[in-house]
Amino acid sequence: MGILDCFIIAAASYLLGSLNFAIIICKLTLKKDIRAYGSGNAGLTNAYRTMGAGKTVLVLVGDIAKAAIALAIGGVLAGMMGKLLAGVFVIVGHVFPVYFGFRGGKGVLVGATMLVFLDWRIFLVALVLFVVAVGLTRWISLGSIVGAVSFPVSMQVFHHDPALTVTAALMSAAVIFMHRSNIRRILAGQENRFSLHAKPQIPPDDEKK
């Protein structure tokens with residue numbers, strides 16, 4: 001992978017990642033900043049809690065699409081390592097979006113999309129662990145952390161490439177770091193539990209303003 005390819009992949013992926021659809025959809029539909037509601041995080045879980053299921057579907061589609069496009073570019077230019085590099089920078093863009101004051105989400109959905117395009121087996125392991133953790137605790141954050149921890153382990157098991165494994169480990173560490181406040185709340189027994197029946201936290205009246 002040449003320097004020019006690295007630059008193109010990194011720049012394109014970062015700019016795509018910076019299109020944070022939780023922020024975009026909230027601003028377009030509710031004229032609000034999602035970061036002022038709920039957990040203050042511009043991610044999928046907070047989108048569901050604050051805006052409801054309908055608008056969250058739009059966030060889901062947008063964030064999956066941007067990650068898919070970024071990894072497609074990386075794959076075309078530099079194969080597996082290009083995809084991983086694209087994954088790194090699309091997540092960085094999502095977490096620190098240049099268009100929105102460098103305050104975004106935690107990159108879990110974008111990271112999951114990256115795993116699908118990297119290796120479906122790695123994604124499946126992370127998904128199963130995520131579902132089990134959330135099913136037992138109803139803590140989305142814990143499921144995300146457990147899934148992230150599995151990433152470098154699965155990368156080593158399936159690919160036996162030290163460079164890929166180290167990169168995966170660094171990405172996993174970054175996801176865990178982004179969830180540090182959630183970890184503190186989990187240890188204190190104060191973390192919010194996920195519910196399919198939760199009402200949107202942005203009042204309906206706000207939608208009409």
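Everything below is about the structure shown above.
Keep in mind that this is a model prediction, so the values were computed, not measured. (Residues numbered from 1 in each chain as written. Predicted model: local features only at pLDDT ≥ 70, side-chain atom pairs only at ≥ 80, totals over all residues. Heavy atoms only, no water.)

Chemist: Break down the overall build of the protein for me, with residues and values.
Modeler: Along the protein, the regular secondary structure elements total 10 helices and zero strands. A compact globule built from 209 residues would reach a C-alpha radius of gyration of about 17 Å, and the protein, at 17 Å, matches this within 12%. In terms of principal-axis extent, the alpha carbons of the protein reach across some 55 × 35 × 25 Å. A buried classification covers 44% of the 209 residues belonging to the protein. Pairs at least 24 apart in sequence give 68% of the contacts found in the protein among residues at least 6 apart. Accessible surface, the protein as shown: approximately 10300 Å² in total, 71% of it carbon and sulfur. The average position of the 19 basic charges and that of the 9 acidic charges among the side chains of the protein differ by 7 Å. (Helix = DSSP H or I, 4+ residues; strand = E, 2+ residues; numbered from the N terminus. Rg over C-alpha atoms; globule rule 2.2 N^0.38 Å. Buried < 20%, exposed > 50% of the residue type's maximum accessible area, 1.4 Å probe, protein only. Contact = heavy atoms within 4.5 Å. Areas by Shrake-Rupley, 256 points an atom, 1.4 Å probe, with all protein chains shown as cover. Lys, Arg positive; Asp, Glu negative; His and termini not counted. Charge placed at Lys NZ, Arg CZ, Asp CG, Glu CD.)

Chemist: Explain the layout of surface pockets residue by residue, including any values.
Modeler: Where empty space is left can be seen by rolling a probe of water-molecule size over the atoms. Considering only enclosed or pocket space, the second largest pocket measures out at about 190 Å³ in volume. Looking at the second largest pocket, the residues that line it are Val 88, Ile 91, Val 92, Val 95, Phe 96, Lys 106, Leu 170, Met 171, Ala 174, Val 175 and Met 178. Listed by contribution, the elements that provide at least two residues to the lining of the second largest pocket are helix H4 (53-95) and helix H8 (162-178). Ranked by residues supplied to the lining of the second largest pocket, first place goes to H8 with five residues. Residues of the lining of the second largest pocket, tallied by class, amount to 10 nonpolar, no polar and one charged. (1 Å grid on protein atoms, 1.4 Å probe; cavity = no way out; pocket = protein on both sides within 12 Å on 5 of 7 lines; lining within 4 Å. Points joined across faces, edges and corners; volume = space filled by probe spheres on them. Nonpolar A, V, L, I, M, F, W, Y, C, P; charged D, E, K, R; others polar.)

Chemist: Tell me about the pattern of salt bridges, and please be specific about residues and values.
Modeler: A full pass over the atoms with the stated rule returns four salt bridges. The shortest N-O distance in the salt bridge between Arg 35 and Asp 33 comes to 2.9 Å. Residue classification places Asp 33 among the partly exposed residues on the basis of a relative accessible area of 23%. Two residues, Arg 121 and Asp 119, come together in a salt bridge whose shortest N-O distance is 2.7 Å. (Salt bridge = Lys/Arg side-chain N within 4 Å of Asp/Glu carboxyl O.)

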